[in-house]
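Structural description and commentary
Each chain, letter by letter, is given below.
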Amino acid sequence: MGTQNQHNRYLRAFIIACFGCFLIGYSLVYPIYYATSPSSIYGYGGRRYAGVKPYFGTVSENDTDFYADIDANLDDPFYYYELTLEIRNFYTNNTPVTLILSTYFTNQTVSNFYNLTAEPINYEFQIWDPTQFYLTIQYNGSASAFSFWAVVHGELPLHPIPPPPIFPLVMTGSGFVVGIILLVIGLYDYRVQKRSRHSYNLDRALIFCCLGLLLVTLSYPSLVRPHYTLYYHPQEYIDFGLFSGTVNQTVPYVNMTLWGINESVVEIRTFFVNNASVTIHAYPIDRSTNRTWNYVNSRYPGYQDFVFDTTGDTVIEVERETEDTGFSCWVLANFREVEVRQNYAGNYAPYATIFLISGVLLLGLGLYSASKGFREIPKL
């Protein structure tokens, strides 16, 4: 019975001391574990196209104002700064109008605005109050028919990505303190047992097991965390502008080629027809794939949006179906650059490998010495 109790007391001292080393090692590497939890990070910020929409109308002596409530079509314009409203492809029948951009605080007015030739013109407004704004096309002495596209874009605030990790001081500090206390208790308990029955094999076993377990624990973050993080940069846009035309029996296909894009998302914004339905094709230059939308027949002010992925230069083609018709849409492409970054666990991996191999060897030697030492106890 005395020998069995001696085994149990030695084993208790071993367990307490080794668990203390485990907590010490875990508390030291927990910040690396904590900081390398995400496998992908998305950069936030950069230029975004908040809204693209066509407007048509007339102003005359009897109907002097046309209101384009542009901010009603935007997604959270309040979060943008440097918000810009571009009047694109503005066309009138050679008679002037007045443009008024109204916000809660101010009005910006452009008088005698019209195209002097048959070519459409553009204009740009800076929006200082994004919470509420609208554009007024105002009669300016002559009846005028007009058309234009309102393109709104702005900058989203950039944030440092990845943010510096918050050091988990409570978890690290408390684990380290408790580990030290348990290690001291275990060593003291072991020293008490040595006074009655001493074994050099058990001495070596205690040293090897504690150091081995400490080193194995120090390798923990690089064993369970990914060593690399995918960092997705903020989205970048390519504005291909207005795509419009007429399909008829003579010209049944009209296409637009998007050059200079790689792996991207293409957005066909606010597609509409004047008369009959059409078919839309989207395919890469090599025609390896072909996305098709049949019976596209939304008429202004109704419209349809189409979004698809592409991996290179792409052709958008509109095909006549049953009748001649005109069509209009706006084309954007956006992409994210993806960067592979080594994270804290990856930077720590060479040391973790050394710790793991050394720890396993020491732990194996410690267990071997412990088995010899426990066999010696009855002979002492």
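Look up: the structure comes first, before these words.
Read on for an overview of the structure. (Residues numbered from 1 in each chain as written. Predicted model: local features only at pLDDT ≥ 70, side-chain atom pairs only at ≥ 80, totals over all residues. Heavy atoms only, no water.)

1. Some thoughts on a nonpolar patch on the surface
A grouping of Leu28, Phe176, Val177, Ile180, Ile181, Val184 and Ile185 is seen on the molecular surface, where their side chains present a nonpolar patch of about 580 Å² in accessible area. For the nonpolar patch, the leading source of residues is helix H2 (residues 169-194), giving 6 residues. You can see Ile181 is positioned in helix H2. Look at Ile181 and you get partly exposed, because its relative accessible area is 46%. (Patch = residues over 30% accessible without salt bridge, like charges linked within 9 Å, V, L, I, M, F, W, Y side chains within 5 Å. Areas by Shrake-Rupley, 256 points an atom, 1.4 Å probe, with all protein chains shown as cover. Salt bridge = Lys/Arg side-chain N within 4 Å of Asp/Glu carboxyl O. Helix = DSSP H or I, 4+ residues; strand = E, 2+ residues; numbered from the N terminus. Buried < 20%, exposed > 50% of the residue type's maximum accessible area, 1.4 Å probe, protein only.)

2. Observations regarding the pattern of salt bridges
Counted according to the given criterion, the structure contains 6 salt bridges. Linking Arg12 and Asp189 is a salt bridge whose minimum nitrogen-to-oxygen distance equals 2.9 Å. One end of the pair, Arg12, is in helix H1 (residues 2-35); the other, Asp189, is in helix H2, and 177 residues separate them in sequence. Look at Arg12 and you get partly exposed, because its relative accessible area is 42%. According to the relative accessible area criterion, Asp189 is buried, its value standing at 11%.

3. Focus on the layout of surface pockets
In this model, the second largest pocket occupies a volume close to 230 Å³. As for the second largest pocket, its lining consists of 13 residues, and the residues nearest its centre are Glu263, Ser264, Val265, Phe335 and Arg336. Every element with two or more residues in the lining of the second largest pocket is listed here: strand E13 (264-273), strand E16 (304-310) and strand E18 (325-335). For the lining of the second largest pocket, the class distribution of residues is 5 nonpolar, 5 polar and 3 charged. (1 Å grid on protein atoms, 1.4 Å probe; cavity = no way out; pocket = protein on both sides within 12 Å on 5 of 7 lines; lining within 4 Å. Points joined across faces, edges and corners; volume = space filled by probe spheres on them. Nonpolar A, V, L, I, M, F, W, Y, C, P; charged D, E, K, R; others polar.)

4. Some words on the side chain of Glu317
Mapped onto the elements of the fold, Glu317 is located in strand E17 (residues 314-320). No salt bridge is formed by the buried Glu317. Its closest oppositely charged neighbour is Arg287, at 4.8 Å. Separated by 3.3 Å, the side chains of Glu317 and Tyr283 make a polar contact. With sequence-adjacent residues up to four places away left out, Glu317 is seen in contact with Tyr253, Val254, Asn255, Thr279, Ile280, His281 and Tyr283. (Lys, Arg positive; Asp, Glu negative; His and termini not counted. Polar contact = N/O pair within 3.5 Å; in protein donor to acceptor, adjacent residues only side chain to side chain. Contact = heavy atoms within 4.5 Å.)

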